[in-house]
Structures are given as C-alpha cells and as structure tokens.
Amino acid sequence: MTSLIDLHQQLESMRPVLLRFAFLQLRNDNAAEDAVQEALLAVLEKPESFAGQSSLRTYVTGILKFKIIDHLRSLKREVALDTNDDESETDLIDSLFKANGHTVSMPNAWGEPESTLQQKDFFRVLEICLENLPEKTARVFMMREWLELDTEEICKELGLTASNLWVVLYRARLRLRECLDLNWFGNH
C-alpha cells in the first residue's frame, strides 16, 4: 500500500460494488451500508494486514463476506431490548457489558479472508458470471456456496421450499459452469 490516502481513495471507489453485493444478500439498505462500513473500517484500522497476496477488492470482499454472515446470524440471536418501568435504557445497555468494559459475549473470529481468495483472476471472472445470473438465482447461489448457509437458513430467509432451492442451485451451477467454460477454462 503506497499511502493511507491512496488506500482511502481505492476503498471509496469500490464502495458502490460492495454495497450492491451486500444489498443482494441482506435486502436492507441500512444493513448493507453498515456491513460495508464495517468492512472498510476494518481495512482502514489495520492497513498492514493486507499482505498483497490478492487484489485489495478481493481482500475487502472477503472481509465483507464475514460481516454479512455475522449480520445474518445476528438476526437470529437478536432480542429486542425492552425496558421495564423501573429500569432505564442506560441500565439495560450497561447489562450487556462486564465491569471491566468488555462485552458479555465475544464476537466471532474473522479468520484469514485473503488466504481463501488467492486466485483473484478466477474470482473476477466468477463475479462477472454471477452478475449475469438472474438476481434471485445469484443470491441463492451466493448464500449457499459463498456464505455457506445451510438449506434450512436459506429456505427460511427467502421463503423457498427445499426442493425449489435445489432446482435454483442446479440451474445456477449449470449457468455458471457454462459461463466459466467460455470465459475462464477456455482461455487457460
């Protein structure tokens, strides 16, 4: 990375693509915006973590993937914070933290996103192929294969039956195979 200003400009230029991807998965403007902001902030807070083994976009997208998964899983764990008449909102929020200021429950580990996304050219072609799929088909495929959600989670999130999900995944794989055969494997 040449400079923090250069990094900031590069991140800002990829922001619209990241927002589109996050919205495709989360279907909520605010949640997509939050996930992208968290991913960009993670890169800006520790720019030295980017080792250059993949493109910056691939690296940031890997971090965004984990942010999206965290958000989807948090929806299942989220409980509305209702205050009693004798309890203030401040007391309720304070109950989420230990006396030393740390949270009661630990956040999920991110792992090493750059190590799982080393073939940057392949993923660029795959991304183009995914963009050419129908929106719902691409979303189902990404939820299953990239976000690694199980059948039950996807069906519940999208209101699909298991058999419908498998048909959509089958069609997505066929179209992606055809696209990759033409645009990746045919050229190598």
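Before reading further, recall that the structure is shown in the block above.
Since the model is a prediction, treat every value here as computed from it, not as a measurement.

Draft legend 1. View of the environment of T151. In this fold, T151 is placed in helix α8 (residues 151-158). Considered as a pair, T151 and W166 are 15 residues apart in the sequence and their alpha carbons are 8.8 Å apart. Beyond its immediate chain neighbours, meaning those up to four positions away, T151 contacts R144, A162, L165 and W166.

Draft legend 2. Summary view of the nonpolar core. Ranked by internal contacts, the top residues of the largest apolar core, which has 47 residues, are L11, V43, L56, V60, L64, I68 and L147. Only α1 (4-26), α2 (29-45), α3 (56-77), α6 (120-131), α7 (135-146), α8 and α9 (162-183) provide two or more residues apiece to this core. Setting aside its immediate chain neighbours within four residues, V43 contacts L7, L11, L56, Y59, V60 and I63.

Draft legend 3. Highlighting the state of the cysteines. In this structure the tally under the stated criterion is one disulfide. The disulfide bridge from C129 ends at C179, spanning 2.0 Å between sulfur atoms. Between C129 and C179, the S-S dihedral sits near -80 degrees, and the bridge is therefore left-handed. Taken together, the residues span a long stretch of sequence, with C129 in helix α6 and C179 in helix α9 at a distance of 50 residues. We note that C129, like C179, is buried.

Draft legend 4. Seen up close, α7. Over its 12 residues, α7 runs 15 Å from end to end, which matches the ideal 16 Å to within 8%, given 1.5 Å per residue. Among the residues of α7, T137, A138, R139, V140, F141, M142, M143 and W146 are the ones counted as buried. Of the residues flanking the end of α7, it is E148, one or two places downstream, whose phi is positive at about 60 degrees.

Draft legend 5. Looking closely at the side chain of K65. Examined against the element boundaries, K65 turns out to sit in helix α3. No salt bridge is formed by the buried K65. Its closest oppositely charged neighbour is E148, at 4.2 Å. With residues near it in sequence (within four places) discarded, K65 still touches W146, L147 and E148.

Conventions adopted
Residues numbered from 1 in each chain as written. Predicted model: local features only at pLDDT ≥ 70, side-chain atom pairs only at ≥ 80, totals over all residues. Heavy atoms only, no water. Helix = DSSP H or I, 4+ residues; strand = E, 2+ residues; numbered from the N terminus. Contact = heavy atoms within 4.5 Å. Core = buried A, V, L, I, M, F, W, Y, C linked by side-chain atoms within 4.5 Å. Buried < 20%, exposed > 50% of the residue type's maximum accessible area, 1.4 Å probe, protein only. Disulfide = S-S within 2.5 Å. Expected span 1.5 Å × (residues − 1). Lys, Arg positive; Asp, Glu negative; His and termini not counted. Salt bridge = Lys/Arg side-chain N within 4 Å of Asp/Glu carboxyl O.

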